Amino acid sequence: MLSLEIAADVGSGSRERHPNSILYSILSGRNSGYLDGKPDRSRRHNCHCEGTRTVGLKDPKVTYQVASSLMVQTFCFIQGLPSFCQLPSEDQALLLRHCWVHLFVLGLAQQRIALEVTEAPDSSILRQILLGPGLTEQDHHRPTLAEVHRLRTVMNHLWTLGLGPKEYAYLKGALLFNPAVPGLRASTVIRGLQKEAQGALREVVHLLHPGDASRFSRVLLAASSVQSVSHQLVSQLLLKPLLVIHQRHIIHL
């Protein structure tokens, strides 16, 4: 299962070393009532900052290797579909750009890949001011606890269904052939391919689970939840080394 480990009391040592530091109190967000002389009790109950905490992989080296391998498998699956390869090249590019994350998440769930994350240290406000807006923009794109929780919910939903290999395969096809992607030239053909994949999925579901009349609807509901996972989360959390290599390649070109 996807486990989530958040380091507790980050910076507690600094609090002990600088108990009377006004700057530390302001930058860390502690003693927020200092300026008006009153403790701000409302923030204790109404703060929504938990979900915005940035996180990183606990064991990035191993996870990056697994994610890179899964990425290759995902593209091999797509390229192995004759119906996809027969589409116009422009449509292939659009479908890949919009749908690869959905298939990648299905692969994570199918292989039951465990992801352990820990809270990432936030850059202080003072450092962001001194180094300029570039750092602020970079931090803005770091994965957050809320995004990881959403991914965890999606994967748990898929695991609860206990999908088999054929169900995963046809579900990937149904998500890949998305006629709603803007700019498609052969949207009618792609709509037909999606219906074909959904029909095959329905047959497999009924064959494997004849006594479960609602299973097909639950599988489609799980598929829709996969689409809530952002490209940004998957790219920055799991495939960051590939992005760095790609950027370096572009620079050399």
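Where an unreviewed UniProt entry is consulted, the chain appears under the name Nuclear receptor subfamily 0 group B member 2, with the organism given as Takifugu rubripes. Its UniProt record gives the chain the following Sequence similarities (unreviewed entry) comment, quoted word for word: "Belongs to the nuclear hormone receptor family. NR0 subfamily."

Points about the packing of aromatic side chains
Counted according to the given criterion, the structure contains one aromatic pair. Geometrically, the ring pair formed by W100 and F104 is edge-to-face, given 6.2 Å between the ring centres and 75 degrees between the ring planes. Here W100 pairs with F104, and both are found in helix α6 (residues 89–110), just four residues apart, close to one helical turn. Look at W100 and you get buried, because its relative accessible area is 12%. F104 sits in the buried class, given a relative accessible area of 0%.

Some details on the side chain of K172
As for its placement among the helices and strands, K172 is situated in helix α10 (residues 165–176). Although K172 is buried, it makes no salt bridge; E167 carries the closest opposite charge, 12 Å away. Other than its neighbours up to four places away in sequence, K172 contacts F77, L103, L106, G107 and Q110.

Quick notes on the pattern of salt bridges
Throughout the structure, instances matching the rule amount to three salt bridges. Across the salt bridge formed by R185 and E90, the nearest N and O atoms sit 3.1 Å from each other. Of this pair, R185 sits in the loop between α10 and α11 (187–208) while E90 sits in helix α6; the two residues are 95 residues apart in sequence, bridging distant segments of the chain. Using a relative accessible area of 61% as the deciding quantity, one classes R185 as exposed. D212 is the partner of R218 in a salt bridge, and the nearest nitrogen-oxygen pair spans 2.8 Å. According to the relative accessible area criterion, D212 is partly exposed, its value standing at 22%.

Side note on unusual backbone geometry
When glycine is set aside, most residues are seen to have a negative phi, and most peptide bonds are trans. A positive phi angle, close to 50 degrees, is found at R112, a residue other than glycine. Tracing the chain through its elements places R112 in the loop between α6 and β3 (116–119). The partly exposed category is assigned to R112, whose relative accessible area is 48%.

Thoughts on α10
End to end, α10 covers 16 Å across 12 residues, agreeing with the expected 16 Å (1.5 Å per residue, within 8%). Looking only at α10, the buried set comprises E167, Y168, L171, K172, G173, A174, L175 and L176. In this structure, the buried residues of α10 make contact with α4 (60–79), α5 (82–85), α6, α9 (145–161), α11 and α12 (215–226).

With respect to the nonpolar core
Core analysis: the biggest nonpolar cluster contains 54 residues, and L95, F104, L158, L176, F177 and L238 have the highest contact counts within it. Of all the secondary structure elements, the ones that give two or more residues to this core are β2 (55–57), α4, α6, α9, α10, α11, α12 and α13 (231–238). When residues in this core are grouped by element, the largest group, 11 residues, is from α6. Each residue touching L95, except ones within four places of it in the same chain, is listed here: F84, L87, W100, L176, F177, N178, V181, L184 and I190.

Analysis parameters
- Residues numbered from 1 in each chain as written.
- Predicted model: local features only at pLDDT ≥ 70, side-chain atom pairs only at ≥ 80, totals over all residues.
- Heavy atoms only, no water.
- UniProt positions renumbered as here; feature names shortened; annotations may be inferred.
- Phe/Tyr/Trp six-rings, centres within 6.5 Å; stacked < 30°, edge-to-face > 60°.
- Helix = DSSP H or I, 4+ residues; strand = E, 2+ residues; numbered from the N terminus.
- Buried < 20%, exposed > 50% of the residue type's maximum accessible area, 1.4 Å probe, protein only.
- Lys, Arg positive; Asp, Glu negative; His and termini not counted.
- Salt bridge = Lys/Arg side-chain N within 4 Å of Asp/Glu carboxyl O.
- Contact = heavy atoms within 4.5 Å.
- Expected span 1.5 Å × (residues − 1).
- Core = buried A, V, L, I, M, F, W, Y, C linked by side-chain atoms within 4.5 Å.

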